[in-house]
Amino acid sequence: MSVQSTSMPFVQLLEAVACLINPKLPWNCKVVGYLQQKKIYCLFRGIISAVPQNARNMEHCDISALEHVLMLTASHVGDSQCCCPAVDPRWSFSSQLLSIPFLWHRLPHFKKVFSANGLSKYYIHQIACYLPSRADVLPNDISAKQPGYACVLANVLEAATWILSEPKFASDRAADIIAVSTSLLDALPTITSATES
């Protein structure tokens, strides 16, 4: 639902959360920290996964209330003004949301913020740091046909197309994208040809 559709209680609740985590308010980090402790990214994952993809395709609509809250929450990435506690990698944005199939098609407005505001650098670096040794950070697969590691790979590679097209960001982010891609490609099952069996 767009932010203007306030007749739904869920949208009203998200708008209230957006007010509480407004970056201009002095307590926003405390509220975001509390939401992260309560595994807010798991909740976002459940909501995004439950809504059919064609119902979420709002490319030409206003920003959804869910995307607005997600943008505000995900923006707390530990810069000098942010005092949010570190999030367990299992409940982080990187593991919970990047493992959703076709994430950028479901959240078109968030895609723009992710690529423009430095979030891609932080979150792709985060997943690059813990993936090879901690494969257990990815949540259970949404479906057998869409394993989490394959979804992370697809979402990172799709993000790479716009991240690497920015010359000022390309060099420092390429190493993390390559590390994540290599690690995830290694996790793919081996394909055997008909002649080998």
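Residues numbered from 1 in each chain as written. Predicted model: local features only at pLDDT ≥ 70, side-chain atom pairs only at ≥ 80, totals over all residues. Heavy atoms only, no water.

As recorded in an unreviewed UniProt entry, the protein goes by the name HECT-type E3 ubiquitin transferase, listed as coming from Aegilops tauschii subsp. strangulata. The UniProt entry for the protein carries the following text under Catalytic activity (unreviewed entry): "S-ubiquitinyl-[E2 ubiquitin-conjugating enzyme]-L-cysteine + [acceptor protein]-L-lysine = [E2 ubiquitin-conjugating enzyme]-L-cysteine + N(6)-ubiquitinyl-[acceptor protein]-L-lysine." (UniProt positions renumbered as here; feature names shortened; annotations may be inferred.)

**Section: unusual backbone geometry**
Notably, Lys39 is not glycine yet its phi reads approximately 60 degrees, a positive angle. For Lys39, the position within the fold is in the loop between helix H2 (28-37) and helix H3 (40-50). For Phe102, which is not glycine, the phi dihedral falls at a positive 55 degrees. Here Phe102 shows up in the loop between helix H6 (93-96) and helix H7 (103-106). On the basis of relative accessibility, which here comes to 45%, the residue Phe102 falls in the partly exposed class. (Helix = DSSP H or I, 4+ residues; strand = E, 2+ residues; numbered from the N terminus. Buried < 20%, exposed > 50% of the residue type's maximum accessible area, 1.4 Å probe, protein only.)

**Let's talk about the side chain of Gln36**
Looking at the element boundaries, Gln36 is found in helix H2. The exposure class of Gln36 is buried, given its relative accessible area of 6%. Residues contacting Gln36, with those up to four places away along its chain left out, are Tyr41, Thr73, His76, Cys84, Pro85 and Val87. (Contact = heavy atoms within 4.5 Å.)

**What about the packing of aromatic side chains?**
Inspection of every chain in the model, using the stated rule, returns 11 aromatic pairs. Between Phe110 and Phe114, the aromatic rings sit 6.1 Å apart at their centres with planes inclined by 45 degrees, giving tilted as the arrangement. In this pair, Phe110 and Phe114 both sit in helix H8 (residues 108-116), four residues apart, roughly one turn of the helix. Taken individually, Phe110 and Phe114 each receive the classification buried, so the pair is uniform in this respect. Relative to Trp162, the ring of Phe114 has its centre 6.5 Å away and its plane inclined at 90 degrees; by these criteria the two rings are edge-to-face. Separated by 48 residues along the polypeptide, Phe114 in helix H8 and Trp162 in helix H10 (residues 148-163) bring together distant segments of the chain. Neither residue differs from the other here; Phe114 and Trp162 are each classed as buried. (Phe/Tyr/Trp six-rings, centres within 6.5 Å; stacked < 30°, edge-to-face > 60°.)

**With respect to helix H1 (residues 9-20)**
The first and last C-alpha atoms of H1 sit 17 Å apart over 12 residues, in line with the 16 Å expected at 1.5 Å per residue. Within the sequence span of H1, burial applies to Val11, Leu14, Val17 and Ala18. One side of H1 carries all its buried residues, which in axial view fall inside an arc of 120 degrees. The exposed residues of H1 that point more than 90 degrees off its buried face are Pro9, Leu13 and Cys19. Its buried side turned inward, H1 meets H2 and helix H5 (65-74). (Expected span 1.5 Å × (residues − 1). Arc of directions from axis to C-beta.)

**Some details on the environment of Ser49**
Tracing the sequence through the fold places Ser49 in helix H3. Considered as a pair, Ser49 and Leu97 are 48 residues apart in the sequence and their alpha carbons are 9.6 Å apart. For Ser49, the side chain forms a polar contact with the main-chain oxygen of Arg45, separated by 2.8 Å. (Polar contact = N/O pair within 3.5 Å; in protein donor to acceptor, adjacent residues only side chain to side chain.)

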